[in-house]
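# Descriptive analysis of the structure
Residue-level listing of the chains:
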Amino acid sequence: MQADDARYLKRKYKGGSLDVHPTEKALVVQYEVEATILRETGDPMLGERKECQKIIRLKSLNSNTDIASLARKVVEECRLISPSRLPEVEQLLFYLQNRKKSAEKKEKKQIKPRDLTPFEGIELDEEANINSIDDYVELLYEDIPEKIRGATLILHLARNPDNLEELLQNETALGALARVLREDWKQSVDLATTIIYVFFCFSSFSQFHGLITHYKIGALCMSIIEHELKRYDLWQDELQKKKKADILSKEYEKALKKYHGLLTKQEQLLRVALYLLLNLSEDTRTELKMRNKNIVHLLVKTLDRDSEELLVLVVSFLKKLSIFLENKNDMAEIDTVEKLAKLVPCEHEDLLNVTLRLLLNLSFDTGLRSKMVQADLLPKLTSLLGDEAQRQIAMCILYHISMDDRFKSMFAYTDCIPQVMKMLFDCVEERIDAELISFCINLAANKRNAQIMCEGNGLKMLMKRALKLKDPLMMKMIRNISQHDGPSKNLFIDYVGDLAAQIGLKEEEEFVIECLGTLSNLTIPDLDWELVLKEYNLVPYLKDHLKPAQQEDDEFVCQIVYVFYQMVFHQATRDVIIKETQAPAYLIDLMHDKNAEIRKVCDNTLDIIAEYDVEWGKKIQSEKFRWHNSQWLEMVENRQMDEAEPFMYGDDGEPFLQNGDILERPDLFYSADGIIPADGAISPEFFTDFQNGDLLGPQGFPSSSLTDGYGQMGVTPARPATAYGFRPDEQFYYGYTASR
């Protein structure tokens, strides 16, 4: 055959079978293409046949769709389907509409952004061949329609990973694609989408990222995205103007139809461009460049769209960025949380899941947690506790919100507490999920929440499970409930014996601490502590557990001291502690502990003991005096040593003060106000008046005039290793043994 003999090419399409897509809401049309080359006379010279298929995706198909209308539209727009097959199309659409979702869910897996097809509508009537790549490149130098066709053929090659290495070697093809994108992307959305998709295929593999960087495709995509978002705003404004101006609404409906067509194409372009950037962001250096170009603001702005596939991508990108502080701060500056709140809940399972994961990342920030509450996310997240697929993430976010005391009370106005209580009681495992029990512990710290937890048999069920399984975390929850005054505290009167019985047993220390803490919260007037102490023999246990091993544990010591503090309020138990035990001596040893909470509880307890027992009162006051006096002398000595060198000599060159001289200068002490005599003398008896005056701060601590510049009493020694530092029958002045 001579080339001159060929006149033109004739194609003939022949429709074939019609069926539904196995997994998607789509119809699959099988057809045959017959291509014939004709001579000038019109006679056929050469012919070829090829089997092809076309997929008609039906995204709008749902349970409310009018099947008859949709079937007519499919037949009208697809020339491969004969009008005579309209009943068959209706039947297939009806099947798709009623196909069980459970079958879809079984095949559904966790969708990652790169698993989705970013761009559709690129079906061709011819098959791309890697050997014809040069011909496809030639098309890139023609007009826009030919450029689109050439780029589409190259895209078909790039979608096969086996061709990427060979395409990588063809610098002419890649250079031409990059040039056309750079020069013509504003002229055709289809052209820009197709070329970016080619580079997206390369971006799916890290080893090809250098190629994309070389042609600066990432920076170009950022510019394209920013431009398209501005166009979207202009479309919105224009549409609103036409809606207001067009009374008959005909022009508005025409503009709206055009707008939806443009919007569909634009979202395809945004998806493929953002996917490419998401893949490139695997390199943190590239991600930093994107941040400098305001990627976070562009993504958050895109959250206004309705396309669920685009939103899955955008939220996934934001989630990846949110792990870095700078990106999280960028999200905090704009209305990210408010826009995400609109997506919770939603029917698209993958979109809901990735949105919750992003919110979880953001919920580590106190300010963003506050925004979540303001955006009314609390009841929305609570409703998701009933969704098994989303329960865990929703609970983690709620746990973070419950950490803030400002928001704890808000849970009482949702059905959150009944739900989590049911989860607790339904749990068959010995140890409850850490997220669930931690969330409950936080909730129990609020009085109203605690009352709801105790409703019905709530407290009874909690106590039963905690005592049976010896669960320290559940007992911590119970301890939080017990701290609130009111009806809930009175319910504990039935469980005092059960709690006291745990203390004498060889249980896990953490569990015993929570039982002790719960008992110490039970300030119930009708509770006979003397009977409890004797029946369960608690005093020897408490005394023995203040030995060195337990003194290493601040929490354990603090709880035991707090138990003593509660006991000294009642005469019966106070007399036992003062007259029959050495507990006051232990408390004096702990009075100067380095733990501030232990010091505070000790001081309060000793103040009460001193008020009711004269002998112990004198010893306690003398010990406080001895301690304050020694600290004062040490402070003066240290200050003298620090300041002696700079002020060693006066203006006349004579020594200003020698090392011992400061104590011989009574005028340097308090004298005018009569606080301390000019001769520096002070006695233990003075301390009684001193304690009752204004020089002492809260809890009997000295005021700032006796402390250092930071409000502390100089150097505080460690807790004594034994309880034998002080006894009622010994002298007041004694030494401390080795510290912890």
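As the structure is a prediction and not an experimental result, all values here were calculated from the model.

This next bit is on the overall build of the protein. Secondary structure summary: the protein contains 38 helices and 3 strands in total. By residue count, 47% of the 740 residues in the protein fall in the buried class. Put simply, of all contacts in the protein between residues at least 6 apart along the chain, 68% involve residues at least 24 apart. Accessible surface for the protein amounts to roughly 39600 Å². Of this, 49% is attributable to carbon and sulfur atoms.

Now for the packing of helix 10 (residues 217-245) against helix 13 (residues 295-302). One way to put it is that helix 10 packs onto helix 13 with a least axis distance of 11 Å and a crossing angle of 40 degrees. On the basis of their axis angle, the class for helix 10 and helix 13 is oblique. Between helix 10 and helix 13 the crossing geometry is left-handed. Residues Met-222, Ile-225, Glu-226, Leu-229 and Asp-233 of helix 10 form the contact with helix 13, whose own contacting residues are Ile-295, Leu-298, Lys-301 and Thr-302. Residues belonging to the contact of helix 10 with helix 13 are distributed by class as follows: 5 nonpolar, 1 polar and 3 charged.

Along the chain, Ser-363 turns up in the loop between helix 17 (349-362) and helix 18 (366-374). Given a relative accessible area of 0%, Ser-363 falls into the buried group. Among the polar contacts listed, one links the side chain of Ser-363 to the backbone oxygen of Leu-360, at a separation of 2.7 Å. Those residues in contact with Ser-363 that lie beyond four places of it in its chain are Arg-369, Met-372, Ile-397 and His-400.

Looking now at the side chain of His-209. Tracing the sequence through the fold places His-209 in helix 9 (residues 209-214). Overall, the relative accessible area of 11% leaves His-209 in the buried class. Within polar-contact distance, the side chain of His-209 engages the backbone oxygen of Ser-203 at 2.8 Å. Apart from the residues lying within four places of it in its own chain, the contact partners of His-209 are Ser-203, Asn-279, Leu-280 and Glu-282.

With 13 residues, helix 29 (residues 509-521) ought to run about 18 Å at 1.5 Å a step, and its terminal C-alpha atoms sit 19 Å apart, in line with that. The buried fraction of helix 29 amounts to 11 of the 13 residues, a majority that puts the element mostly inside the structure. All of the buried residues in helix 29 are Phe-511, Val-512, Ile-513, Glu-514, Cys-515, Leu-516, Gly-517, Thr-518, Leu-519, Ser-520 and Asn-521.

Evaluation of the coordinates by the stated rule reveals 25 salt bridges. With its nearest N and O atoms 2.7 Å apart, the salt bridge here joins Asp-404 to Arg-406. Taking relative accessible area as the criterion, Asp-404 reaches 13% and is therefore assigned buried. The closest approach of N and O atoms between Arg-626 and Glu-623, which form a salt bridge, is 3.1 Å. Of this pair, Arg-626 and Glu-623 both sit in helix 37 (residues 614-644), 3 residues apart, roughly one helical turn.

Moving on, we get to the environment of Ser-223. Inspection of the secondary structure puts Ser-223 in helix 10. When the C-alpha atoms of Ser-223 and Lys-293 are compared, they prove to be 9.2 Å apart, with 70 residues separating the residues in sequence.

Let's shift gears to the nonpolar core. Of all hydrophobic cores here, the largest spans 179 residues; its most connected members are Leu-276, Leu-277, Leu-424 and Met-477. In this view, Leu-276 contacts Ile-196, Phe-199, Phe-200, Ser-203, Ile-212, Ile-217, Gly-218 and Cys-221; residues no more than four positions away in its chain are not counted. Counting 22 residues, the second largest nonpolar core, distinct from the first, contains Leu-18, Val-29, Leu-61 and Val-75.

So, about helix 8 (residues 189-203). Compared with an ideal rise of 1.5 Å per residue, which puts 15 residues at 21 Å, helix 8 spans 20 Å between its outermost C-alpha atoms and is within 8% of the ideal. By the criterion of burial, helix 8 is predominantly enclosed, with 13 of the 15 residues buried. Its side-chain oxygen at 3.5 Å from the backbone nitrogen of Asp-190, Ser-188 defines the N-terminal cap of helix 8.

A few words now on the confidence of the model for the protein. A residue-level look at the protein finds 78% of positions with pLDDT of 70 or above and a mean pLDDT of 80. The low-confidence segment residues 1-6 (pLDDT under 50) makes 10 contacts with residues lying over four places distant or belonging to another chain. Confidence drops under a pLDDT of 50 for residues 102-116, and excluding neighbours within four residues, the segment shows 21 contacts in the predicted structure.

Thresholds, definitions, all that
- Residues numbered from 1 in each chain as written.
- Predicted model: local features only at pLDDT ≥ 70, side-chain atom pairs only at ≥ 80, totals over all residues.
- Heavy atoms only, no water.
- Helix = DSSP H or I, 4+ residues; strand = E, 2+ residues; numbered from the N terminus.
- Buried < 20%, exposed > 50% of the residue type's maximum accessible area, 1.4 Å probe, protein only.
- Contact = heavy atoms within 4.5 Å.
- Areas by Shrake-Rupley, 256 points an atom, 1.4 Å probe, with all protein chains shown as cover.
- Axes fitted to C-alpha atoms, helices over the stretch in contact; angles between N-to-C directions.
- Parallel < 35°, antiparallel > 145°, perpendicular 65-115°, else oblique.
- Left-handed = near helix turned anticlockwise from the far one by under 90°.
- Nonpolar A, V, L, I, M, F, W, Y, C, P; charged D, E, K, R; others polar.
- Polar contact = N/O pair within 3.5 Å; in protein donor to acceptor, adjacent residues only side chain to side chain.
- Expected span 1.5 Å × (residues − 1).
- Salt bridge = Lys/Arg side-chain N within 4 Å of Asp/Glu carboxyl O.
- Core = buried A, V, L, I, M, F, W, Y, C linked by side-chain atoms within 4.5 Å.
- pLDDT = per-residue confidence, 0-100.

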